[in-house]
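Residue-level structural notes
Chain by chain, the residues:
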Amino acid sequence: MFDIPPPPDRKNAVNSNTSEKGFETSKDKLKRLLESQQKIKENKGKPINFSQPIVWQKDNPVFFPKTINVIQGKAGVHKSRLAETVCAAMLKTPESNRDLLNFKTNILTRYAVCYVDTERNLSDQLPYSLQQIQLKAGYPIEEHPYGFDYISLLEFAREERFDMLNIYLEHIRKQFPMHLFIVLDVITDCVFNFNDTKDSMKLIDMMNQSINRYDVTFLCLIHENPGSTDKARGHLGTEILNKASTVIQIGFEKDAQNHNTDLIKVNYLKCRSSKKHDPFYVQYSDSEKGLVLADQNTIQESMDSRNQKAALDETIELIGRILIEPTAKTILIEKLCFEMDCKERTVEARLKSILTHKLEIPDANGTAKQLCKRQEGKEVFYYLTE
């Protein structure tokens, strides 16, 4: 990737290992292959010391050196703010006592961070984000910390971005004599067509070559497809998740009515170098201008709401099967209590919620119906209507 062959010497005979256009010949490629084989052989013949993590979250290892990693999520779920927090943890000054979602690094090791942005404008959005990284790391915004680098590919056409990224990584690699942590936000904008196999694999091959040749780690941000699916976008999304060592998903928790709450779940989908970690929960804070760990009461309220949603789903399914014809309230409640093994007042609360929110109930044929009730004398009857 980075080893650009010299131009051919027009005055002398062409080197037997290089074509007239300066491309690698078969002999060159075989030589490179055998060199890597020798390196593998040398490493195989001695005890292996696995690399230590470069980032932890609490006591859990999250990112390891010379790997490709991913943060995925729907649009607007604070993927970039999560990446900002990770960057701040890597740049954090020894004097700073800022809590960064429990992300931490080895305080005795220095890292360089390069943030590559493709989405935000250059006048306020991107500069503000970079300011937040510095403030969280313990630097004033006027300072330009050594080891913190950033570029925008926004002004380059999509067909130019891969080449520009390649050129810049060659440049930045030579600037800092320490481990380089590169954030691509968002990775699908770094190629011409993220659904094209050739474009996708060219970018992934470039990253793989970089982590094998140089002291770099990648963190790639990617959008999930719109709708209910959790799949990362395009062919590039499929391939990058296959190659990634750690994959983190971030998204809003839902309430009983399937609406977004303020609670954000950060879930580990893949941890190749360790056991899979438990998820944790965050919120956006106006005062902190970023993400903070959610308090236990907020988490519990959301869990209760989610449990309520699950209970409502079960109740709706049972009503659709039981309520073939109008049924007296006492009989319906008795049947539901038996099926769900719960108390009468619990069933009454769920029936009230279904009526209040006019939730759809699929009948035995799958037709969407609505729960209604009517008074007949002293008895209340429940029935389904279209």
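The next subject is the overall build of the chain. Secondary structure assignment for the chain yields nine helices and 16 strands. For a compact globule of 386 residues, the expected C-alpha radius of gyration is about 21 Å, and the chain comes in at 28 Å, more than 25% above that figure. Looking at the chain as a whole, 45% of its 386 residues are labelled buried. The contacts in the chain between residues at least 6 apart in sequence include a share of 62% that link residues at least 24 apart. Counting 53 positive and 54 negative side-chain charges, the chain places the centres of these two groups 5 Å from one another.

With antiparallel pairing, four strands are arranged side by side in an open sheet as β13-β16-β15-β14. The open sheet has two edge strands, β13 (327-328) and β14 (360-362), and neither has a second partner. In this structure, β13 lies alongside strand β16 (residues 379-385), joined through two bridges in antiparallel fashion. Pairing of T327 across the sheet is with Y382, part of β16.

Glancing now at unusual backbone geometry. Residue V186 follows D185 across a cis peptide bond; omega there is 5°. Assignment of secondary structure puts V186 in the loop between β7 (179-185) and α5 (197-213). Non-glycine residue K58 carries a positive phi angle of around 60°. Secondary-structure assignment places K58 in the loop between β1 (55-57) and β2 (60-63). For K58, a relative accessible area of 51% translates into the label exposed. At K289, a residue that is not glycine, the phi angle is positive and equals roughly 55°. Tracing the chain through its elements places K289 in the loop between β11 (280-285) and β12 (290-293).

This paragraph deals with the packing of α5 against helix α6 (residues 234-243). At a closest axis distance of 9 Å, the pairing of α5 and α6 adopts a crossing angle of 30°. Considering their axes alone, α5 and α6 lie roughly parallel with respect to each other. Crossing of α5 against α6: the hand is right-handed. Contacts from T197, S200, M201, L203, I204, M207 and N208 of α5 reach α6 at H235, L236, E239, I240 and K243. When the residues that make up the contact of α5 with α6 are grouped by side-chain class, the tally is six nonpolar, four polar and two charged.

A sheet is described by the order of its strands in space; here three strands give the open sequence β2-β1-β4, paired in antiparallel fashion. Only two strands of the sheet have a single neighbouring strand rather than two, namely β2 and β4 (103-104). As paired elements, β1 and β4 share two bridges and run antiparallel to each other. Residue pairing across strands places W56 opposite K104, the latter belonging to β4.

Inspection of the entire model under this criterion finds 15 salt bridges. Between E24 and R32 there is a salt bridge whose closest N-O contact spans 2.7 Å. Look at R32 and you get partly exposed, because its relative accessible area is 41%. Salt-bridge contacts for D363 lead to K369; the nearest nitrogen and oxygen are separated by 3.2 Å. Each of the two residues, D363 as well as K369, counts as buried. One continuous salt-bridge network, built from bridges that share partners, spans E84, D117, R120 and D185.

Relative orientation of the contacting elements helix α8 (residues 329-340) and helix α9 (residues 344-356) amounts to 110°, with a least axis distance of 9 Å. In terms of their interaxial angle, α8 and α9 are classed as roughly perpendicular. Contact residues: K329, L332, I333, L336, C337 and M340 in α8; E344, V347, E348, R350 and L351 in α9. Of the residues contributing to the contact of α8 with α9, the split by class is seven nonpolar, no polar and four charged.

So, how was this worked out
Residues numbered from 1 in each chain as written. Predicted model: local features only at pLDDT ≥ 70, side-chain atom pairs only at ≥ 80, totals over all residues. Heavy atoms only, no water. Helix = DSSP H or I, 4+ residues; strand = E, 2+ residues; numbered from the N terminus. Rg over C-alpha atoms; globule rule 2.2 N^0.38 Å. Buried < 20%, exposed > 50% of the residue type's maximum accessible area, 1.4 Å probe, protein only. Contact = heavy atoms within 4.5 Å. Lys, Arg positive; Asp, Glu negative; His and termini not counted. Charge placed at Lys NZ, Arg CZ, Asp CG, Glu CD. Pairing = 2+ DSSP bridges. Axes fitted to C-alpha atoms, helices over the stretch in contact; angles between N-to-C directions. Parallel < 35°, antiparallel > 145°, perpendicular 65-115°, else oblique. Left-handed = near helix turned anticlockwise from the far one by under 90°. Nonpolar A, V, L, I, M, F, W, Y, C, P; charged D, E, K, R; others polar. Salt bridge = Lys/Arg side-chain N within 4 Å of Asp/Glu carboxyl O.

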